[in-house]
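Close look at the chain arrangement
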Amino acid sequence: MKRSLSILVAVVMLLSVVLMGCTLPSGGGPATGGGELIGVAMPTKSLQRWNQDGENMQKLLEKAGYTVDLQYAEDSVDTQLTQIENMITKGAKVLVIASIDGESLGGVLEEAAAEGIKVIAYDRLIKGTPHVDYYATFDNYKVGVIQGQYIIDTLKLAEGEKGPFTMEVFGGSPDDNNAYYFNGGAMDTLKPYIDSGVLVIKSGQTDMEQIAISGWKSEGSQARMDNLLTAFYSDENIDVVLSPNDSLAQGIVASLKAAGYGTASKPYPILTGQDCDITNVKHMIAGEQSMSVFKDTRTLAEKVVGMVEAIMKGTEPEINDTETYDNGKKVVPSYLCDPVFADVNNYKELLIDTGYYEEAQLK
Ligand code: BGC
């Protein structure tokens, strides 16, 4: 009796030790992480998508048994540098970084490399340093192609519609490598119609130096749109605005609204976007923005956590692109997720049915 009791106590003790050390990941198998520290540096809390990215990463990494140091830098390069330095000091094994200025991390990543810490560039490429091991993002060029193709389809340009249609082009933040890919994809797609005069950019402004909006700020795009409307569209409506993302589209909608757009004689122009931010989905439902590009941050976070786990196990992370992303020092092995077209007709299927948002959030 005494013996069976002590066996029972031993079994219970053993079980609790096993359970304490083992959190179950979503797949149901045992967690791989042994509590090691993973640093996650995000650019800002002020844009909805980065909050989702950060939360998803933290949730999945913790589920896999890692300790997470998640930091947001409020778009300050110096703050991000200090946060990364702290992660190195605290003994992070892998750094996942969505940079603010892709060119400014060389020094701190040299420190990371000296400590044997692996670095994954998250969504935005880190440039000018060999010390970035992997890159996970969406196919940024394709984002622009989807936007350009939408304009072509909506205006029936491939069917021979001649317009001419007036258009203006906005660019993303000049320190973000992605901005050039979005612009390249869209402008390459639209080029034949710009060259033939079917699409007329009345301001003539197409160079990134002229059209880029620093820090992806809505106030910046609003101010530029105000200027464009006053200077070039006082006696003619604008038909198309190519905006690379949703934060810029928000500023553009505000400017158009203030200028009296949204009536029968002044209908909203075709306006593109990217991210499916809640504000912009509401704009789409209200007919103020035409489309967005959905980049499911859950997919990206899953891919990056998979990369972290492979690195920690000493195996090779999954890669599907070894050519596109040259950071000036090396071509960074990348995984590109697929961006998806979104508009008022399919947002429910993409965003509500998959649990990305709840219907009430879009009211
Ligand atoms: C991201 C976009 C985002 C933009 C502004 C880009 O690097 O790829 O999804 O809209 O930054 O935060």
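Cut-offs used in this document
- Residues numbered from 1 in each chain as written.
- Predicted model: local features only at pLDDT ≥ 70, side-chain atom pairs only at ≥ 80, totals over all residues.
- Heavy atoms only, no water.
- Pairing = 2+ DSSP bridges.
- Helix = DSSP H or I, 4+ residues; strand = E, 2+ residues; numbered from the N terminus.
- Near = heavy atom within 4 Å.
- Polar contact = N/O pair within 3.5 Å; in protein donor to acceptor, adjacent residues only side chain to side chain.
- Areas by Shrake-Rupley, 256 points an atom, 1.4 Å probe, with all protein chains shown as cover.
- Domains from an automatic or database assignment.
- Buried area = accessible area lost by both parts, 1.4 Å probe.
- Salt bridge = Lys/Arg side-chain N within 4 Å of Asp/Glu carboxyl O.
- Nonpolar A, V, L, I, M, F, W, Y, C, P; charged D, E, K, R; others polar.

Side note on the sheet that holds strand β6 (residues 165-169)
What holds strands together in a sheet is hydrogen bonding between their backbones, with the strands either parallel or antiparallel. Strand order in the open sheet formed by four strands is β7-β6-β8-β9, with parallel pairing between adjacent strands. Two strands in the sheet have a free side with no partner beyond their single neighbour: β7 (199-200) and β9 (270-271). Note that β6 and strand β8 (residues 240-242) share three bridges and pair parallel. Of the residues in β8, the one forming a bridge with M167 is V240.

Focus on the site of the ligand
Surrounding the ligand, one finds 13 residues, the nearest of these being R49, D123, R124, D176 and D275. For the ligand, an oxygen atom lies 3.0 Å from a polar atom in the side chain of N178. Within the side chain of K295, an N or O atom sits 3.0 Å from an oxygen atom of the ligand. With the chains in place, 99% of the 310 Å² that the ligand exposes on its own is no longer accessible. Looking at the shell around the ligand, the elements that each hand over two or more residues are α2 (48-63) and α6 (177-195).

Looking at the domain arrangement of the protein chain
Along its sequence, the protein chain is organised into domain 1 (32-132 + 296-338) and domain 2 (140-295). Counting each side, the surface lost to burial between domain 1 and domain 2 is near 1,400 Å², with a carbon and sulfur contribution of 38%. Contact with domain 2 buries area across many residues of domain 1, yet Q48, D296 and Y325 alone supply 32% of it, more than any other trio. There are three salt bridges connecting domain 1 and domain 2. With a shortest N-O distance of 2.9 Å, K142 and D338 are connected by a salt bridge. Residue composition of the side of domain 1 that touches domain 2, grouped by class: four nonpolar, four polar and eight charged.

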